[in-house]
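# Fold and geometry: a report
Spelled out from the first residue to the last, the chains are:
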Amino acid sequence: MTGTQEKLAELRKLLEIAEEPAGEAAIEKRRKKGIPSARERARMLLDPGTFVELGALMRQSGNTNAIYGDGVVTGRGYIDGRPVVVISHDQTVYGGSVSEVFARKARAAMEFAYTNACPVVVINDSGGARIQDGVTSLAWYANMVTLQEDLSGYVPMVAVMLGKCAAGSVYGPINMDILVATDDSYMFVTGPEVIKAVTGESISAEELGGAKTLERLGTVHHVARTEQDAYTWVREYLSYLPSSCLEQPPIVNPGLEPEITDSDRELDKIIPDSDKVGYDMHEVLLRIFDDGAFHEISPNTSPNLITGFARVDGRPVGVVANQPMALGGALDAACSDKGAYFIRLCNAYNIPIIYVVDTPGVLPGVEEENNHVIKRGGRMFRALLEATVPIVTIVTRKAYGGGYAVMGCKQLGADIALAWPTARLAVMGAESMVSIVGRKQLAAAPEEQRPALRQNMIDFYNATVATPWTAAERGYIDAVIEPSATRLEIRKALQLLRDKGAVRKHNPRKHSLFPM
């Protein structure tokens, strides 16, 4: 009969093996690559000392040589004192490939997140399905990712891409809310070798699916220099979100600077006198939110539209802002995808949206039309229409044409719309107007008088049509405010909207159809 001490010794021995299931070979492999173990990665992400592993002794049944863990480490812990589930691929065990046991472990971890309404972070470093397991691997991979549909919009989901993420394993990360990658990681469905064999094209892994390439294309939301930088970014990102859609986002340092400050007053002179001169919208955002803090999402994807998180009176808000320094702040097809997704992300997790508007409208051109700017712009339009969270809009300068509409106009859903005295709200800018409306009048004038006549028409239009006063008189905006008052006006607006509900009229449909 085996005694208690022997059983304890056996447990300790098994746990020691499970800690490094692939032994010295795995340690040496990681040493050469300069990477941490799957468990170390989970601990780097979480609050110190809080990681509790689940399923450490799971392995394939009927195989005495099966390796513990089966290529994935799962568990739970805390970030800033709030519970989080972590799934971390172990590339030293079967290359981190997906098998039945792997999928059962990952699914169980996601079920725990669903039952306990807490975020999920998946640290990806996988070669995809386990080839030697055949269709069993594919079936269990599908069984694992089906739970993502239940989790989507219910709890925050973050994918961290490290090393290689290839073949079918790309579909898990891309169906999570946010995808973060390190500089040296890459992701693709078919690798350079397969493409070379099938099509004859030669391309490097970096050009095909490197992190920077994917960030530019909008697949990746943030690229970090190191693993630790990635985990730090994820922790900050989660600090703006609730643990689930059942909760409100966390409040941090409310009531800061209740009076107008010198930083606020700098906004009174930030807009250039000439409409043709740009300015950095980040300089505005820096001054209208708590502590000047701004957690940007997708900064290197379509920089003409800025998206990210800030705080107002301690409470998280999502920010959608035009950037006059890129394409003059014009809206194009790519930035419409970026904006639509971010709006829906905020709406899912009860985060109010602040629009900061300075756009000449939709970017013209044959390429944009061929790029489905109509359909993709329609998604941003619909995302605004569907949003039920509080929405506050600030027009700093231009709000022309379609840009006026999709950038949070009151008629499409903004609860409170404000404008600076420098705002211009119109169908189009004065120069474009003259080219269309004033064409015949200019053609009839003597040639030497045309420049002066053209300028007079522009000045008249700007003074009488494209002004915030007309919009305010007709109730299309709620107020014209001094720029220096913006921070406190946003605070007052959101206090007023704090109890806004998400109730919609009864409709028997299953769901609406999004322009895809």
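Think of each chain on its own: its residues are numbered from 1, step by step along the sequence as written. Thresholds applied to this predicted model are a pLDDT of at least 70 for local features of residues and 80 or more for the giving and counting of side-chain atom pairs; totals over whole chains, interfaces and linings are not thresholded and use all residues. Side-chain calculation: all heavy atoms of the structure are included, whereas hydrogens and water are not.

How we decide: UniProt positions are given in the numbering used here, feature names are shortened, and annotations may be inferred rather than shown by experiment.
Named according to an unreviewed UniProt entry, the protein chain is Acyl-CoA carboxylase subunit beta originating from Nocardia huaxiensis. In its Sequence similarities (unreviewed entry) section, UniProt records this for the protein chain: "Belongs to the AccD/PCCB family."

## Some remarks on the overall build of the protein chain
The cut-off we apply is this: Comment: elements are numbered from the N terminus, with helices defined as DSSP H or I runs of at least four residues and strands as E runs of at least two. Accessible area is worked out with a 1.4 Å probe on protein chains only. A residue is then buried under 20% of its type maximum, exposed over 50%, and partly exposed in between. Using the Shrake-Rupley algorithm and a 1.4 Å probe, accessible areas are obtained, with residue cover drawn only from the displayed protein chains. Charge assignment in this entry is limited to Lys and Arg as positive and Asp and Glu as negative, and neither His nor the chain termini are counted. For this purpose, a charge sits on NZ of Lys, CZ of Arg, CG of Asp or CD of Glu.
A tally of regular secondary structure across the protein chain gives 22 helices and 16 strands. Considering the protein chain as a whole, with its 516 residues, one finds that 49% of them fall into the buried category. Counting only carbon and sulfur atoms, one obtains 55% of the accessible surface of the protein chain, whose full area is about 24300 Å². Each charge class in the protein chain can be summarised by its mean position, and for the 54 positive and 62 negative side chains these summaries are 4 Å apart.

## Focus: the domain arrangement of the protein chain
A common way to state how big an interface is: give the accessible area lost once the parts meet. We count it as follows: Marked domain ranges trace back to an automatic or database domain assignment.
Split into domains, the protein chain comes out as domain 1 (20-240), domain 2 (262-427 + 467-497) and domain 3 (430-465). Each of domain 2 and domain 3 has a C-alpha centre, and these two points are 30 Å apart.

## With respect to a nonpolar patch on the surface
Stated formally: Patches here are clusters of residues that have more than 30% relative accessible area and form no salt bridge, with a 9 Å joining cutoff for like charges and a 5 Å cutoff for nonpolar side chains (Val, Leu, Ile, Met, Phe, Trp, Tyr). Salt-bridge detection follows one rule: a side-chain nitrogen of Lys or Arg within 4 Å of a carboxyl oxygen of Asp or Glu.
Judged by side-chain polarity, Leu8, Leu11, Leu15 and Leu57 come together as a nonpolar surface patch covering roughly 290 Å² of accessible area. Considering the arrangement of structural elements, one finds leucine 57 in the loop between strand 1 (52-54) and strand 2 (72-79).

## What to know about the side chain of serine 484
In plain terms, the rule: In what follows, a contact means two residues having at least one pair of non-hydrogen atoms within 4.5 Å.
Of note, serine 484 is situated in the loop between strand 16 (479-480) and helix 22 (486-496). The residues touching serine 484, leaving out its near neighbours within four places in the chain, are Ile260, Asp264, Arg265, Leu267 and Asp268.

## A few points about the environment of leucine 345
When you line up the elements, leucine 345 lands in helix 14 (residues 333-348). A sequence separation of 39 residues divides leucine 345 from isoleucine 306, and the C-alpha atoms of the two residues are 15 Å apart. With residues near it in sequence (within four places) discarded, leucine 345 still touches Asp177, Ile178, Tyr237 and Phe309.

## Describing the pattern of salt bridges
Working definition: two side chains of opposite charge can pair if their charged atoms are close together. Overall, the coordinates contain 22 salt bridges when judged by the stated rule. The residue arginine 487 makes a salt bridge to aspartate 264 at a minimum N-O spacing of 2.8 Å. With arginine 487 in helix 22 and aspartate 264 in helix 12 (residues 262-265), the pair connects residues that are 223 residues apart, well separated along the chain. The class for arginine 487 is buried, based on a relative accessible area of 4%. Two residues, glutamate 283 and arginine 287, come together in a salt bridge whose shortest N-O distance is 3.0 Å. A residue pair is termed a helical-turn pair when its members lie 3 or 4 positions apart in one helix, as glutamate 283 and arginine 287 do in helix 13 (residues 281-288) at 4 residues. According to the relative accessible area criterion, arginine 287 is buried, its value standing at 14%. Each member of the salt-bridge network shares a partner with another, and the members are Arg41, Asp125 and Glu227.

## A few points about the pairing of strand 2
What counts here: Should DSSP find at least two bridges between two strands, the strands are taken to pair.
Of all 8 residues that make up strand 2, 6 are buried, and the element is covered over most of its length. Bridge count for strand 1 against strand 2 is 3 bridges, and the pairing is antiparallel. From the neighbouring strand, glutamate 53 faces strand 2, where its bridge partner is glycine 75. Where strand 2 lies against strand 3 (residues 82-89), 8 bridges are found, and the strand directions are antiparallel. The partner of glycine 75 across the bridge, within strand 3, is valine 86. As consecutive antiparallel partners, strand 2 and strand 3 are separated by 2 residues, and within that stretch aspartate 80 has a phi angle of approximately 55°, a positive value.

## With respect to the nonpolar core
To keep things clear, this is the line we draw: Only buried residues count toward a nonpolar core. Its members are Ala, Val, Leu, Ile, Met, Phe, Trp, Tyr and Cys residues joined through side-chain atoms within 4.5 Å.
One finds Val234, Tyr237, Phe309, Val320, Tyr355 and Met407 to be the most contacted residues of the largest nonpolar core, which totals 61 residues. Taken domain by domain, the makeup of this core includes at least three residues from each of domain 1 (20-240) and domain 2 (262-427 + 467-497). Dropping the residues within four chain positions of it, valine 320 is found in contact with Leu305, Ile306, Phe342, Ile343, Ile353, Ile354, Tyr355, Val356, Met380 and Met407. By size, the runner-up hydrophobic cluster in this structure holds 33 residues, among which are Val98, Ala103, Leu179 and Val220.

## Some thoughts on the packing of helix 4 (residues 100-116) against helix 5 (residues 135-145)
We count it as follows: Whenever a helix is involved, its axis is fitted only over the stretch in contact; in every case the axis is a line through C-alpha atoms, and angles between N-to-C directions fall within 0 to 180 degrees. By the definition adopted for this analysis, an angle is roughly parallel if under 35 degrees, roughly antiparallel if over 145, roughly perpendicular if from 65 to 115, and oblique otherwise. Classes in brief: Ala, Val, Leu, Ile, Met, Phe, Trp, Tyr, Cys and Pro nonpolar; Asp, Glu, Lys and Arg charged; the others, Gly included, polar.
Look at helix 4 against helix 5: their axes get within 9 Å of each other, and the N-to-C directions meet at 5°. The angle between helix 4 and helix 5 falls in the class roughly parallel. For the pair helix 4 and helix 5, contact is made by Glu100, Phe102, Ala103, Arg104, Ala106, Arg107 and Met110 and by Thr136, Trp140, Tyr141, Asn143 and Met144, respectively. Its residues placed into classes, the contact of helix 4 with helix 5 shows 7 nonpolar, 2 polar and 3 charged.

## Quick look at unusual backbone geometry
The phi torsion at alanine 117 lies on the positive side, around 50°, for a residue other than glycine. With respect to the secondary-structure elements, alanine 117 resides in the loop between helix 4 and strand 4 (120-126). Take alanine 117: its relative accessible area is 14%, and that puts it in the buried class. For aspartate 291, which is not a glycine, the phi torsion comes out positive at approximately 60°. Inspection of the secondary structure puts aspartate 291 in the loop between helix 13 and strand 9 (295-297).

## Structural notes on the confidence of the model for the protein chain
Stated precisely, the cut-off is as follows: Scored from 0 to 100, pLDDT records how confident the predictor is in each individual residue.
A residue-level look at the protein chain finds 92% of positions with pLDDT of 70 or above and a mean pLDDT of 87. By mean pLDDT, the top-scoring element of the protein chain is strand 11 (residues 315-322) (98), and the lowest-scoring one is helix 18 (residues 430-437) (66).

## Structural notes on the packing of aromatic side chains
Note the cut-off: Note on aromatic pairs: the rings of Phe, Tyr and Trp (six-membered ring only in Trp) are paired at centre separations within 6.5 Å, and the planes decide the class, stacked below 30 degrees, edge-to-face beyond 60, tilted for the rest. A positively charged side chain is recorded as over a ring if its NZ (Lys) or CZ (Arg) lies within 6 Å of the ring centre. The angle to the ring normal must also be within 35 degrees.
Counted by the stated rule, this structure contains 6 aromatic pairs. A network of ring pairs unites the aromatic residues Trp233, Tyr237, Tyr240, Phe309 and Phe342 as a single cluster. Stacked on the ring of tyrosine 240, the Lys or Arg arginine 311 has its end atom at 4.0 Å from the ring centre.

## Focus: helix 3 (residues 38-45)
The cut-off we apply is this: It is the directions from the helix axis to the C-beta atoms that the arc portrays.
Inspection of helix 3 places Ala38, Arg39, Arg41, Ala42 and Leu45 among the buried residues, and these make up the whole buried set. All buried residues of helix 3 lie within an arc of 160° about the axis, which places them on one face of the element.

## Points about helix 11 (residues 227-239)
Cut-off, in case you're wondering: Multiplying 1.5 Å by the residue count of a helix minus one yields the expected span of that helix.
Between the first and last C-alpha of helix 11 there are 19 Å, a value that for 13 residues agrees with the 18 Å anticipated at 1.5 Å per step. Those residues of helix 11 that fall on the buried side of the exposure criterion are Glu227, Ala230, Tyr231, Trp233, Val234, Tyr237, Leu238 and Ser239.

## Here's the deal with the packing of helix 14 against helix 16 (residues 373-386)
We count it as follows: Working rule for handedness: look at the near helix, and if it is turned counterclockwise from the far one by less than a right angle, call the crossing left-handed; if clockwise, right-handed.
For the pair helix 14 and helix 16, the least separation of the axes is 8 Å and the interaxial angle reads 20°. Classified by the interaxial angle, the pair formed by helix 14 and helix 16 is roughly parallel. Along this stretch, helix 14 crosses helix 16, giving a crossing that reads as left-handed. Across the interface between the two elements, Ala333, Ala334, Cys335, Ser336, Asp337, Gly339, Ala340, Ile343, Arg344 and Asn347 of helix 14 pack against Val373, Arg376, Gly377, Arg379, Met380, Ala383, Leu384 and Glu386 of helix 16. Here the contact of helix 14 with helix 16 is built from residues that sort into 9 nonpolar, 4 polar and 5 charged.

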